[in-house]
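Report on the structure
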Amino acid sequence: MQQEIAFIQRDVLKEKPDTVSLGFGKYYSDYMFVMDYHVENGWYDPRIIPYAPLTLDPAAMVFHYGQAIFEGLKAYKAADGTIQLFRPEKNMKRLNDSCDRLCIPQIDESFLLRAIKQLIFTEKDWIPEGEGTSLYIRPFIFSTEPYLGVRPANQYKLLVILSPSGAYYGDQLSPVKIYVEEQYVRAVIGGVGHVKTSGNYAASMKAQEKAEANGFAQILWLDAKENKYVEEVGSMNIFFKINGEVVTPKLNGSILPGVTRDSVIELLKYWNIPVHEAKISIEEIIAAHERGELEEVFGAGTAAVISPVGELNWNERSITINDNKIGQLSQRIYEEMTGIQLGKKADPFNWTVKVAPVEV
């Protein structure tokens, strides 16, 4: 039998931000979901409580050994007024994959999804309705046990917080300038690049800082072993349209299996557009451009959905893609994906999940 989720009422509700000033990840709703773990009790005490700071012991193991993972998904106000999620079961599974890699106890995926639905329904007035807006959902787990020995912790905390958000980038579909990073690497095969652990993102910031200082929006990461094969762009998966066909780096243990990535691949197959998952080098990308065959480049991820690339800079050389304009395919994918998410287009894949009052 599933545990009952307790609810603690907030005394005063927050004032909601203006939709036009949302940005990404700046505001947080009134409530959050919390659940604790102890090795002797398992996961226990699920509750929805007022959003508030946490108190942790200075020796909490997360501060010292980095056992921390997270997920990211969105809730949308559909065209018919209902609330829906986009493929949330994929995020629940990936959260458990991250748990497994970092020796964190597994969660009950169906129970957590139920809790997320209940939290969203409680906070339904926080879902913005403007163009490009959504309610961003951030589940995360971290170790709380106070102990300085190096081993998996015996205590953890799971939280879900909500953030009403606008477009990830200011002008969502304006092509961005990308710097191909050759000094730093994002992840290695056998490491943790295929899961969403906090350390992955901390390690990426030095290269991102360098890129931004030189006028670039994001980093194109190459593989850690040979420093030549394309992996990801920033925190997104990457796609290239070359001579009418689409190619994306094959999952290899260091590339995150993105939910949006998988959705783009399914969508292209549904449209009978050739799409391949393959090992592809930066030299092959440059050669395709020189032949006039590199037609489009775009990133794909939960936060931005689709982010077109207008310029690549590699080895002190810049190439421009599609006259620095969004490509027809990138635009089509974005419109189809967001149309399904918002209930404006048919969903032949059964990707969307309605949020209703909590199921008993």
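Structural data are supplied above this passage.
Let me sum up the structure you'll find in this document. (Residues numbered from 1 in each chain as written. Predicted model: local features only at pLDDT ≥ 70, side-chain atom pairs only at ≥ 80, totals over all residues. Heavy atoms only, no water.)

The tally for this structure, following the rule as stated, stands at two cavities of 30 Å³ or more. One number sums up the size of the largest cavity: a volume of about 100 Å³. Together, Leu73, Lys74, Tyr76, Phe86, Asn91, Val259, Thr260, Gly301, Thr302, Val305 and Gln341 line the largest cavity. Every element with two or more residues in the lining of the largest cavity is listed here: strand 5 (73–77) and helix 5 (259–270). Among the elements that make up the lining of the largest cavity, the one with the highest residue count is strand 5 (three residues). Looking at side-chain class alone, the lining of the largest cavity contains five nonpolar, five polar and one charged residues. Put simply, the second largest cavity is a space of about 40 Å³. For the second largest cavity, the full set of lining residues is Glu295, Glu296, Val297, Pro308, Val309, Ile321, Asn322, Lys325, Ile326, Gly327 and Ser330. (1 Å grid on protein atoms, 1.4 Å probe; cavity = no way out; pocket = protein on both sides within 12 Å on 5 of 7 lines; lining within 4 Å. Points joined across faces, edges and corners; volume = space filled by probe spheres on them. Helix = DSSP H or I, 4+ residues; strand = E, 2+ residues; numbered from the N terminus. Nonpolar A, V, L, I, M, F, W, Y, C, P; charged D, E, K, R; others polar.)

Moving on, we get to the layout of surface pockets. A water-sized probe, rolled over the atoms, reveals where empty space remains. Estimated volume of the largest pocket: approximately 900 Å³. Residue lining of the largest pocket: 42 residues in total, with Phe70, Arg138, Lys196, Tyr201 and Ser235 positioned closest to the centre. With eight residues, the single largest contributor to the lining of the largest pocket is helix 4 (residues 198–213). Its residues assigned to classes, the lining of the largest pocket comprises 21 nonpolar, 13 polar and eight charged. Approximately 500 Å³ is the volume found for the second largest pocket.

What follows covers the pairing of strand 9 (residues 176–180). A one-sided burial pattern is seen for strand 9, the buried positions being Val176, Ile178 and Val180 and the unburied ones Lys177 and Tyr179. Note: strand 9 against strand 16 (residues 305–314), four bridges, orientation parallel. Looking at the pairing, tyrosine 179 lines up with asparagine 313 of strand 16. The pairing of strand 9 with strand 10 (residues 218–222) spans three bridges and is classified as parallel. Paired with tyrosine 179 across the bridge in strand 10 is isoleucine 219. Taking the sense of rotation as the criterion, the β-α-β connection linking strand 9, helix 4 and strand 10 turns out right-handed. (Buried < 20%, exposed > 50% of the residue type's maximum accessible area, 1.4 Å probe, protein only. Pairing = 2+ DSSP bridges. Right-handed = clockwise from strand over helix to strand, strands pointing away.)

Attention now goes to the packing of aromatic side chains. Considering all chains together, one arrives at twelve aromatic pairs under this definition. Here the aromatic residues Phe86, Tyr270, Phe349 and Trp351 are joined through ring pairs into a cluster of three or more. Over the ring of phenylalanine 121 we find lysine 124; its NZ or CZ atom is 4.6 Å from the centre of that ring. The ring of phenylalanine 216 carries lysine 177 above its face, with NZ or CZ at 5.1 Å from the centroid. (Phe/Tyr/Trp six-rings, centres within 6.5 Å; stacked < 30°, edge-to-face > 60°. Lys NZ or Arg CZ within 6 Å of the ring centre and 35° of its normal.)

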